[in-house]
There are 2 protein chains.
Amino acid sequence: MVKRTRFNESDCPVARSVDAIGDWWSLLIVRDAFDGSRRFGEFQRSLGVAKNILASRLRDLVAGGILDMAPAADGSAYHEYVLTPKGRDLFPVIVALRQWGEGHFFDPGEPHSEMVDLRHGRPPRALEVHSADGRQLGPDDITVKKVERPAGAAAASE
Amino acid sequence: MVKRTRFNESDCPVARSVDAIGDWWSLLIVRDAFDGSRRFGEFQRSLGVAKNILASRLRDLVAGGILDMAPAADGSAYHEYVLTPKGRDLFPVIVALRQWGEGHFFDPGEPHSEMVDLRHGRPPRALEVHSADGRQLGPDDITVKKVERPAGAAAASE
DNA sequence: CAGTATCCTGTGTGATACTG
DNA sequence: CAGTATCACACAGGATACTG
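Residues numbered from 1 in each chain as written. Chains lettered and ligands numbered in written order. Predicted model: local features only at pLDDT ≥ 70, side-chain atom pairs only at ≥ 80, totals over all residues. Heavy atoms only, no water.

Where an unreviewed UniProt entry is consulted, chain A appears under the name Transcriptional regulator, with the organism given as Streptomyces atratus.

This is the structure we're talking about:
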């Protein structure tokens, strides 16, 4: 059980999301799951994380409804970890992080793992935020309406 | 200085991104920055985090080129923390996390802070991943090409 | 108000060893 | 291979006091 500062009481969806994800390891596990990893050993080799940490994170992700445990397809006694629909909904989050990383942390020409469209072998378009009527929105085109808090306000709110 | 497992050597942009962000506090600071927070005290009240932690994270974010320190607009001796272009590029990440949280962690009708288009007062559309030729892509429509690693492979890679 | 400095504690983390 | 159990340490995180 990951115990740290909790944000799950916050009225901000961003805070609840990060709380639900857990930590960076968990997010990288989800990334690997999108990339096709399913087995304990696959995650472990890919991440290079200690096995107890990995086991703990997998438990948390399953408990959080992000991963599901299924019997192994190869008939072995072990499990496979597959994304639930809720986990699959993290797709834009992973894509956004990937694109940000590609844009800012690799020298031109420096090789990096790349997400490509299966049909064309090309990377997806850069994510864009659009208004309800279809205009593209930037950070300055939005504001955040804070919720009315009835009585006692919790911290880590906004 | 945040010291933890580093992912900045990874060839995966997602890993480098999370490494650059630092931790959840940092991400929530960025969120607040998008929401208009600029001053130390604003972040502190919003997050409820200890001041030393906040100071440390702000330092890291400035050092990482995500925030910039500017002299305070009100003429006081202090600073304002504003997003750099690199920081502003995190917009889709925040929006993606926000939408994921809205969709999965609030009961129907439960109030939460809400991002709205300044022109219409309505939330943006759900983020969609599109292929180079404009088709919408889901998790099953992509694959991740691992990079050829010349010799010694680092952990936490793909 | 905007930080810095100091101290304390819990625990996340990684190694290692062990099991079926 | 797929985990669980145990251990030791660093350090994140929080509280508090102090400064300009």
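**Considerations on the pairing of strand S6 (residues 142–145) of chain A**
Only one face of S6(A) is buried: it carries A:Ile142 and A:Val144, and the other face, with A:Thr143 and A:Lys145, is open. By the bridge criterion, four bridges tie S6(A) to strand S3 (residues 114–117) of chain B in an arrangement that is antiparallel. Across the sheet, residue A:Lys145 finds its bridge partner in S3(B), namely B:Glu114. (Buried < 20%, exposed > 50% of the residue type's maximum accessible area, 1.4 Å probe, protein only. Helix = DSSP H or I, 4+ residues; strand = E, 2+ residues; numbered from the N terminus. Pairing = 2+ DSSP bridges.)

**A word on the relation of the copies chain B and chain A**
With an RMSD of 0.0 Å, the operation that places chain B on chain A is a rotation of 180 degrees combined with a shift of 0.0 Å along the axis. Read as a symmetry element, the transformation amounts to a two-fold axis. No C-alpha of chain B lies nearer the rotation axis than that of B:Val93, which sits 2.9 Å from it. Of all interface residues in chain B, 100% are interface residues in chain A too; the two copies therefore contact each other through one and the same surface. (Least-squares fit on C-alpha atoms with pLDDT ≥ 70 in both. Contact = heavy atoms within 4.5 Å.)

**Focus: the side chain of B:Glu80**
Residues and elements named next belong to chain B. Topologically, Glu80 is positioned in strand S2 (residues 79–83). Among the residues examined, Glu80 registers a relative accessible area of 9% and is labelled buried. Residues within four places of Glu80 in sequence aside, it is in contact with Arg38, Arg39, Asp68, Met69, Ala70, Pro71, Ala72 and Ala73.

**Quick notes on helix H3 (residues 40–47) of chain A**
All names here are of chain A. For H3, the set of buried residues is Phe43, Ser46 and Leu47. One side of H3 holds all its buried residues, which, seen down the axis, span an arc of 85 degrees. Gly48 lies just past H3 and shows a positive phi near 70 degrees. (Arc of directions from axis to C-beta.)

**Side note on the interface of chain B and chain A**
Every contact between the two is made by 84 residues of chain B and, on the other side, 84 residues of chain A. Taken over both partners, the interface formed by chain B and chain A buries close to 8100 Å², and the fraction arising from carbon and sulfur atoms is 67%. For the chain B face of the interface with chain A, the top three residues by lost area are B:Val14, B:Trp24 and B:Trp100, together amounting to 10%. Our count for the chain B to chain A interface comes out at eight salt bridges. Put simply, B:Asp117 and A:Arg135 hold a salt bridge, and the shortest N to O gap is 3.4 Å. Scanning the region where chain B abuts chain A turns up 36 residue pairs in polar contact (both at pLDDT 80 or more). When residues of the side of chain B that touches chain A are traced back to their parent elements, those giving at least two are helix H1 (13–21), helix H2 (24–34), helix H3 (40–47), helix H5 (85–88), helix H6 (91–104), S3, strand S4 (129–130) and strand S6 (142–145) of chain B. Residue contributions to the side of chain B that touches chain A peak at 12 residues, all from H6(B). (Buried area = accessible area lost by both parts, 1.4 Å probe. Salt bridge = Lys/Arg side-chain N within 4 Å of Asp/Glu carboxyl O. Polar contact = N/O pair within 3.5 Å; in protein donor to acceptor, adjacent residues only side chain to side chain.)

**Some details on the packing of aromatic side chains**
Summed over all chains, the structure comprises nine aromatic pairs over all chains. The interplanar angle of 75 degrees and the centroid separation of 4.2 Å between the aromatic rings of A:Trp24 and B:Trp24 together place this pair among those described as edge-to-face. With A:Trp24 in helix H2 (residues 24–34) and B:Trp24 in helix H2, this pair bridges two chains. A:Trp24 sits in the buried class, given a relative accessible area of 8%. Aromatic side chains B:Trp100 and B:Phe105 sit 5.0 Å apart centroid to centroid with 75 degrees between the ring planes, which places their arrangement in the edge-to-face category. This pair shows no difference in class: B:Trp100 is buried, exactly as B:Phe105 is. (Phe/Tyr/Trp six-rings, centres within 6.5 Å; stacked < 30°, edge-to-face > 60°.)

**What to know about empty space enclosed by the protein**
Applying the stated criterion across every chain yields a total of one cavity of 30 Å³ or more. The computed volume of the largest cavity comes to approximately 50 Å³. Considering the residues around the largest cavity, the lining is formed by A:Ile21, A:Trp24, A:Leu27, A:Val93, A:Leu97, B:Ile21, B:Trp24, B:Leu27, B:Val93 and B:Leu97. Here the lining of the largest cavity is built from residues that sort into 10 nonpolar, no polar and no charged. (1 Å grid on protein atoms, 1.4 Å probe; cavity = no way out; pocket = protein on both sides within 12 Å on 5 of 7 lines; lining within 4 Å. Points joined across faces, edges and corners; volume = space filled by probe spheres on them. Nonpolar A, V, L, I, M, F, W, Y, C, P; charged D, E, K, R; others polar.)

**Observations concerning the UniProt feature "domain: HTH hxlR-type" (unreviewed entry) in chain A**
Here the UniProt-annotated "domain: HTH hxlR-type" (unreviewed entry) positions come out as residues 12–109 of chain A. Helix makes up 60% of residues 12–109 of chain A and strand 10%, whereas the separation of the span's terminal C-alpha atoms amounts to 39 Å. (UniProt positions renumbered as here; feature names shortened; annotations may be inferred.)

**A few points about the pattern of salt bridges**
Residues and elements named next belong to chain A. Across all of its chains, the model carries 15 salt bridges over all chains by this definition. Salt-bridge contacts for Arg31 lead to Asp32; the nearest nitrogen and oxygen are separated by 3.2 Å. Residue Arg31 shares its accessibility class with Asp32, and that shared class is buried.

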